[in-house]
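Residue-level structure breakdown
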Amino acid sequence: MRMAVSHTRLDAFENCPLGFKAKYIDKVPETRHYLTLLGGFFASWSKRYIDHLVESRQASDLARGVALLEEAWKSRGEHKEFRLLSESVRFEARELVDGFLGSHTFEPARVLGTELDVALREDWTVTEWFAKDTFFRAKLDLATLPASDNGKIVGITDYKTGFAIWSEEETKNSPQLRRYAVAMSSFMPDTDRFDVTLDFVRNGVVRGPYQFEPEVAVEEKASIVAISDRIEAALKSGKWEPTPGAGCHYCPIFEKCPKRTEALPFRGVQSDEEAVAATQRLIMVETEAGAIKKVLKPWTAEHGVVVTNGMQFGASKTERVSYDTVALMKWAVEHGLDPFPVLKQDNEAIEKAVKKLDTEAREKAQAALAALAQVKAHTEFRLKKWAGEE
């Protein structure tokens, strides 16, 4: 019997087999990032809220939505993961909920289910979530029926609560969307099409719906099995290759990773293999640098700047310009600019976009943007050249 997988597990193995082994086989304890916990908390709240709307047959209910948040926050101590959310995150949770309540309405009759747990056997038939024969698991935030009777179409929505916004290209090419189609094609086999949407709640950006025919689900099933085959082969051989990447920042065995000690000679890269190895080494070095900075921050906050050999590490005062997301989108549209590049609030990207306008339009856009700017004092902890005693 194969090891049970999900999109998260498949993605983890693809990123780093050794990290996958540490997390899912050796069960090495890991530090959960607060954004992951907050995402789970929001998903739990959204289920209760949408279920309430279905039961009461309402399109929205702001007062009840806020009340449910307060109830969930007060009782989070009873949850094994949500209890790790500190009181300092409460305002952030309220912002997410307020933004969601202000921008989302629902048609209760169209809602098929919330936080749907779909578990499938190797033959892709439905089974119980914790059954011994479970092969593939998927959790769907929201499943809906079409607004009109135009065929057997099922809508699937996934709520993203992090800061990142995927581009159109990243979204439509993500295997996660196709794996949602796999789950629903087995759960509702008579469906003619799956419309999958990613809703970036924090930023108010919606990607999709992307349409997938049942044939796409069949193709993705083959992809899932192929990755599963590699997992099973690793289980039999005991060979788990470390492949440094984005997961290094949260890897529970980063300190023991063999790639940390495999430094490439510092010379010109002369092959594709050396380029990959050099990049992997860079990932390890930058991840370790982040861990060192995390330790140094509280020390320098209390004791002051650390100076050594003409360099210093410590707090530096700077100013950061930010914009209200909704206002920034409106500004971009009003001045004929593509909203997506400026949504990341990268000042360089915004400046580049404005430069494409003619002189008069550019001046108007810059004046309107200046009125929206929110300048906030910010403290950065970084390594820089020592300028002498201040």
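Position numbers for residues start from 1 in each chain and track the written sequence from start to end. At least 70 in pLDDT is required for a residue's local features to be given in this predicted model, at least 80 for side-chain atom pairs to be given and counted, and no such filter applies to totals for whole chains, interfaces and linings, which use all residues. Here the side-chain values reflect all heavy atoms present in the structure, with hydrogen atoms and water set aside.

**Examining the confidence of the model for the protein chain**
To keep it simple, the criterion reads: As a per-residue measure, pLDDT reflects the predictor's confidence and takes values from 0 up to 100. Strands here are runs of E lasting at least two residues and helices are runs of H or I lasting at least four, both read from the DSSP assignment and numbered beginning at the N terminus.
Across the protein chain, pLDDT averages 87, with 94% of residues at or above 70. Mean pLDDT values over the elements of the protein chain span from 71, in helix 11 (residues 339–343), up to 97, in strand 1 (residues 5–6).

**Topic: the environment of A12**
Cut-off, in case you're wondering: Remark: exposure states derive from per-residue accessible area (1.4 Å probe, protein chains only) relative to the maximum for the residue type, with buried under 20%, exposed over 50%, and partly exposed in between. In what follows, residue pairs with any heavy atoms lying within 4.5 Å of each other are defined as contacts.
Mapped onto the elements of the fold, A12 is located in helix 1 (residues 7–15). You can call A12 partly exposed: its relative accessible area is 22%. Discounting residues that sit within four places of it in the chain, A12 has contacts with F20 and Y24.

**Topic: unusual backbone geometry**
A cis amide bond links G208 to the next residue, P209, at an omega of 10°. Looking at the element boundaries, P209 is found in strand 7 (residues 205–212). Even without glycine at this site, K27 takes up a positive phi of about 55°. With respect to the helices, strands and loops of the structure, K27 is situated in the loop between helix 2 (17–25) and helix 3 (34–56). In the Ramachandran plot, W124 falls in the positive-phi region, its phi being about 70° despite a non-glycine side chain. Relative to the elements of secondary structure, W124 occurs in the loop between strand 2 (111–120) and strand 3 (126–127). With a relative accessible area of 14%, W124 lands in the buried category.

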